[in-house]
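Breakdown of the fold
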Amino acid sequence: MYEITTNTEDTTIHLGEKLAMLLSPGDVVTLEGNLGTGKTTFTKGIAAGLGVKRNVSSPTFTIIKEYEGEIPFYHMDVYRLENSEEDIGFDEYFNGEGITVVEWPQYIGSFLPEKYLEVKLTAIGEKSRKITFIPHGSHFKWVIEQLKS
């Protein structure tokens, strides 16, 4: 586990960019946190780090947004799938050639891969965020070690 505090939106975005440079095709990152804790802000950083040029926004009503960067980037907001067992092709995203970020992963827990990076965001002030990284799998333990340095 690794915990870091960011004090500005720009710092949160920069941390996402740094993480993106450590990710590989097929990696899944889950983001947990209440509304307004910076999940989409952090996602914007990951997208920027992957070379996505389009504006990244939360896919609340579409569930999945696909972006082209150096490698494909998939941004999921599965909040609307609460109390649903609907499989909308998760395996194709989770086992594909892109990076997938999932907001509200607790609503699709049975579909998540065995290996992923869990990220928890907590507001500790107006702009400050505590960001906790929890690896699920040895690859993500390595990612966290690199992120620390």
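Since the structure is predicted, the reported quantities are computational estimates derived from the model, not experimental observations.

The first and last C-alpha atoms of helix α1 (residues 9-20) sit 17 Å apart over twelve residues, in line with the 16 Å expected at 1.5 Å per residue. Here α1 has its buried residues at Thr-12, Leu-15, Gly-16, Leu-19 and Ala-20. Viewed along the axis of α1, the buried residues span an arc of 145°, placing them on a single side of the element. The inward-facing, buried residues of α1 contact β1 (2-6), α2 (39-49), β6 (116-123), β7 (129-136) and α4 (138-148).

Take the pattern of salt bridges next. If you walk through the whole model with that rule in mind, you get three salt bridges. The shortest N-O distance in the salt bridge between Glu-9 and Lys-127 comes to 3.9 Å. Residue Glu-9 is found in helix α1, and its partner Lys-127 is found in the loop between β6 and β7; the two are separated by 118 residues along the sequence. Judged by its relative accessible area of 43%, Glu-9 is partly exposed. Between Glu-145 and Lys-148 there is a salt bridge; the shortest N-O distance is 3.4 Å.

Attention shifts here to the environment of Val-143. Residue placement: Val-143 occurs in helix α4. Residue classification places Val-143 among the buried residues on the basis of a relative accessible area of 1%. Taking C-alpha positions, Val-143 is 6.0 Å from Leu-22, a pair spaced 121 residues apart along the chain. Those residues within four positions of Val-143 in sequence are excluded, and the remaining contacts are Leu-19, Leu-22 and Leu-117.

This next bit is on the packing of aromatic side chains. Here the distance between the centres and the angle between the planes together describe a pair of aromatic rings. Counted by the stated rule, this structure contains nine aromatic pairs. For the ring pair Tyr-2 and Phe-133, a centre distance of 5.9 Å and an interplane angle of 20° mean the geometry is stacked. A residue pair is termed long-range when its members are at least 10 positions apart, and Tyr-2 in strand β1 and Phe-133 in strand β7 qualify at 131 residues. The same class applies to Tyr-2 and to Phe-133, which are both buried. On the basis of an interplanar angle of 35° and a centroid distance of 5.1 Å, the ring pair of Phe-90 and Phe-111 is categorised as tilted. With a gap of 21 residues between them, Phe-90 in helix α3 (residues 90-94) and Phe-111 in the loop between β5 (99-103) and β6 connect regions that are remote in the sequence.

So, how was this worked out
Residues numbered from 1 in each chain as written. Predicted model: local features only at pLDDT ≥ 70, side-chain atom pairs only at ≥ 80, totals over all residues. Heavy atoms only, no water. Helix = DSSP H or I, 4+ residues; strand = E, 2+ residues; numbered from the N terminus. Expected span 1.5 Å × (residues − 1). Buried < 20%, exposed > 50% of the residue type's maximum accessible area, 1.4 Å probe, protein only. Arc of directions from axis to C-beta. Contact = heavy atoms within 4.5 Å. Salt bridge = Lys/Arg side-chain N within 4 Å of Asp/Glu carboxyl O. Phe/Tyr/Trp six-rings, centres within 6.5 Å; stacked < 30°, edge-to-face > 60°.

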